[in-house]
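Commentary on secondary and tertiary structure
Single-letter residue listing:
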Amino acid sequence: MHDIKLIRTEPEKVKAMLATRGVTGFVEKVLALDEKRRAIIVDVEGLKAKRNEVSKSIPQLKKEGKDVAPIMAEMKAVGEEISTKDSALKDIDAELKNILMTTQNLPSETTPVGKDESENVEVKKVGEPPKMDFEPKAHWDLGENLGLLDFETAAKISGSRFSLYRGQGAKLERALINFMLDTHTTENGYTEVMVPYIVKRSTMEGTGQLPKFEEDSFKLMDGDSFLIPTAEVPVTNMYRESILSADDLPIAHTAYTACFRSEAGSAGRDTRGLIRLHQFNKVEMVRICKPDDSYNELEKLLSDAESILQKLKLPYRVITLCTGDTGFSAAKTYDLEVWMPSYGRYVEISSCSNCEAFQARRAEIKFKREAGAKPEFVHTLNGSGLAVGRTFAAILENFQQADGSIKIPEALVPFFGTDILD
């Protein structure tokens, strides 16, 4: 959520920053509503003061035998006017909150300006795409040929965009989850948590999925419970409505969960295989820190995500998303994209984002620098460490052999149990 104090004090700066994300008219709407709101508050306070003052005089007037009926009638009218203005104020507050809650975060000063993904900036490439002296197969063909993946049965059970892993396929997915969690907990400094897959509406609001993206979410019958789209949602909200000590920061958690997304509006995109599903597995990283540390923490988050790809020896690149492609809650995002031979291009496998205070303001997550200090909002960061199904797909495609078998990356062998999948 946006800081209304910043909008009041630096409206032109906020306007210019949001314009790079294609947002116009936001500041003007907020300031107009804010001005109207403050004018009503002044009126109501004046009316209440008048009512209190007159009410105090009524007993004395009665003692003096004076007729207080006209005064009582006037105070009744004042009370009705206060009620009307309070109702108007409630409507304005709701409208103002809706605007503040449904407008995307301000970009950081280091986020490149651009209109869409075509203007994202490549930071670096790591590793060389494999040279194959045969035509590489797509991971869905490899998976089905080896009996690892069964999309037909998944569709029979659940419909399109679901996957079913069989035998060694299920074991490989599990091995990847354990490998990622162990790396983050034993080497990268994260504390593992296991969180619920169902969350309340207020939890989804806290991290920015609602109210704007309700159509992208799987909603339960009660209307106020949702299947999580990512572990970022429950993990960040572990600290909802909390005031932390500076000594507690930074907080670093990792979690494995299934993730659920309706993928509304993505018809026709990556419809085959494991890249874009309604349900998929992901290992998530969440970091919560002091504002002055958050961009160093973003680099740490990125490095931790990269460490998984490096250990697996998967070729990848890092890009910085431009303002027009940065997600709703993020101020700055790095995407990690893994090379996929059958696609002939890099495909996103992780997003690492600094949300600054945007989520913390929504979820009321604060800290104190010292005892007695005024609470401040923390900064929250999140990143995939990694999307498990996409890592599975990348291993199949990059380590496929001419005979159709798959060589298992050395770092994964202790978790999988063998170095070849055939």
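The following refers to the structure shown.

What counts, and where the lines are drawn
- Residues numbered from 1 in each chain as written.
- Predicted model: local features only at pLDDT ≥ 70, side-chain atom pairs only at ≥ 80, totals over all residues.
- Heavy atoms only, no water.
- Phe/Tyr/Trp six-rings, centres within 6.5 Å; stacked < 30°, edge-to-face > 60°.
- Helix = DSSP H or I, 4+ residues; strand = E, 2+ residues; numbered from the N terminus.
- Lys NZ or Arg CZ within 6 Å of the ring centre and 35° of its normal.
- Buried < 20%, exposed > 50% of the residue type's maximum accessible area, 1.4 Å probe, protein only.
- Lys, Arg positive; Asp, Glu negative; His and termini not counted.
- Salt bridge = Lys/Arg side-chain N within 4 Å of Asp/Glu carboxyl O.
- Polar contact = N/O pair within 3.5 Å; in protein donor to acceptor, adjacent residues only side chain to side chain.
- Contact = heavy atoms within 4.5 Å.
- Expected span 1.5 Å × (residues − 1).
- Pairing = 2+ DSSP bridges.
- Axes fitted to C-alpha atoms, helices over the stretch in contact; angles between N-to-C directions.
- Parallel < 35°, antiparallel > 145°, perpendicular 65-115°, else oblique.
- Left-handed = near helix turned anticlockwise from the far one by under 90°.
- Nonpolar A, V, L, I, M, F, W, Y, C, P; charged D, E, K, R; others polar.

Let us look at the packing of aromatic side chains. Going through the model one piece at a time under the given rule, you end up with seven aromatic pairs. Judged by centre distance (5.7 Å) and plane angle (70°), the rings of Phe179 and Phe415 are edge-to-face. With a gap of 236 residues between them, Phe179 in helix H7 (residues 168-186) and Phe415 in helix H13 (residues 413-416) connect regions that are remote in the sequence. Consider the rings of Tyr197 and Phe260, whose centres lie 6.4 Å apart with planes at 55°: the pair is tilted. With Tyr197 in the loop between strand S2 (191-192) and strand S3 (198-200) and Phe260 in strand S7 (residues 251-260), the pair connects residues that are 63 residues apart, well separated along the chain. A network of ring pairs unites the aromatic residues Phe213, Phe328 and Phe358 as a single cluster. For the cation-ring pair, Lys171 lies above Phe416, with the distance from its terminal atom to the ring centre recorded as 5.5 Å.

Turning next to the side chain of Glu173. Turning to its location among the elements, Glu173 is positioned in helix H7. Among buried Asp, Glu, Lys and Arg side chains, Glu173 stands out as unpaired, with Arg174 the closest opposite charge at 10 Å. Among the polar contacts listed, one links the side chain of Glu173 to the side chain of Asn281, at a separation of 2.8 Å. Every residue in contact with Glu173, bar those within four places of it in the chain, is listed here: Tyr165, Asn281, Val388, Gly389 and Phe392.

Moving on to helix H10 (residues 294-312). Spanning 19 residues, H10 covers 28 Å between terminal C-alpha atoms, matching the ideal 27 Å at 1.5 Å per step. Along H10, the residues that are buried comprise Ser294, Glu297, Leu298, Leu301, Leu302, Asp304, Ala305, Glu306, Ser307, Ile308, Leu309 and Leu312. Phi turns positive, to about 60°, at Lys313, one or two residues after H10.

Here we take up the sheet that holds strand S1 (residues 121-126). Taking strand neighbours across the sheet as the criterion, the eight strands line up as S1-S9-S10-S11-S14-S8-S7-S2 in an open arrangement whose pairing is mixed. Both outer strands of the open sheet, S1 and S2, are each paired with one neighbouring strand and no more. Strand direction decides the pairing type here: strand S8 (residues 279-289) and strand S14 (residues 379-387), joined by seven bridges, are antiparallel. Note that in S14 the partner of Ile288 across the bridge is Thr380. Most of the contacts of H7 go to S8, to which it runs at about 5°, and overall it touches S2, S7, S8 and S14. Each of S8, strand S10 (332-340), strand S11 (345-354) and S14 is contacted by helix H12 (residues 388-398), which is oriented at about 40° to S14, the strand it contacts most.

A word on the environment of Leu220. Assignment of secondary structure puts Leu220 in the loop between strand S4 (218-219) and strand S5 (225-227). Of the residues examined, Leu220 reaches a relative accessible area of 29% and is grouped as partly exposed. Separated by 21 residues in sequence, Leu220 and Val199 have C-alpha atoms that sit 9.9 Å apart. Leu220 has contacts with Ile198, Ser225, Phe226 and Leu227, leaving out every residue within four places of it along the chain.

In this section: the packing of H7 against H10. Contact geometry of H7 with H10 gives a least axis separation of 10 Å together with a crossing angle of 125°. Taken together, the axes of H7 and H10 lie oblique to each other. Considering only the axes of H7 and H10, their crossing is right-handed. Contact residues: Leu176, Phe179, Met180, Thr183 and His184 in H7; Asp304, Ser307, Ile308, Lys311 and Leu312 in H10. The class makeup of the residues in the contact of H7 with H10 is five nonpolar, three polar and two charged.

Oppositely charged side chains can pair when the atoms bearing their charge come close. Using the criterion set out here, one finds 25 salt bridges in the structure. Residues Arg317 and Glu337 are paired through a salt bridge, measuring 2.7 Å at the closest nitrogen-oxygen approach. Highlighted residues: Arg317 in strand S9 (residues 316-320) and Glu337 in strand S10, separated in sequence by 20 residues. The exposure class assigned to Arg317 is partly exposed, which follows from its relative accessible area of 22%. Lys366 is the salt-bridge partner of Glu364, the closest N and O atoms lying 3.7 Å from each other. By relative accessible area, which is 36% here, Glu364 ends up partly exposed. Taken together, the salt bridges that share partners define one network made up of Arg201, Glu214, Lys219 and Asp224.

Everything listed here is a matter of geometry and, on its own, says nothing about what the molecule does.
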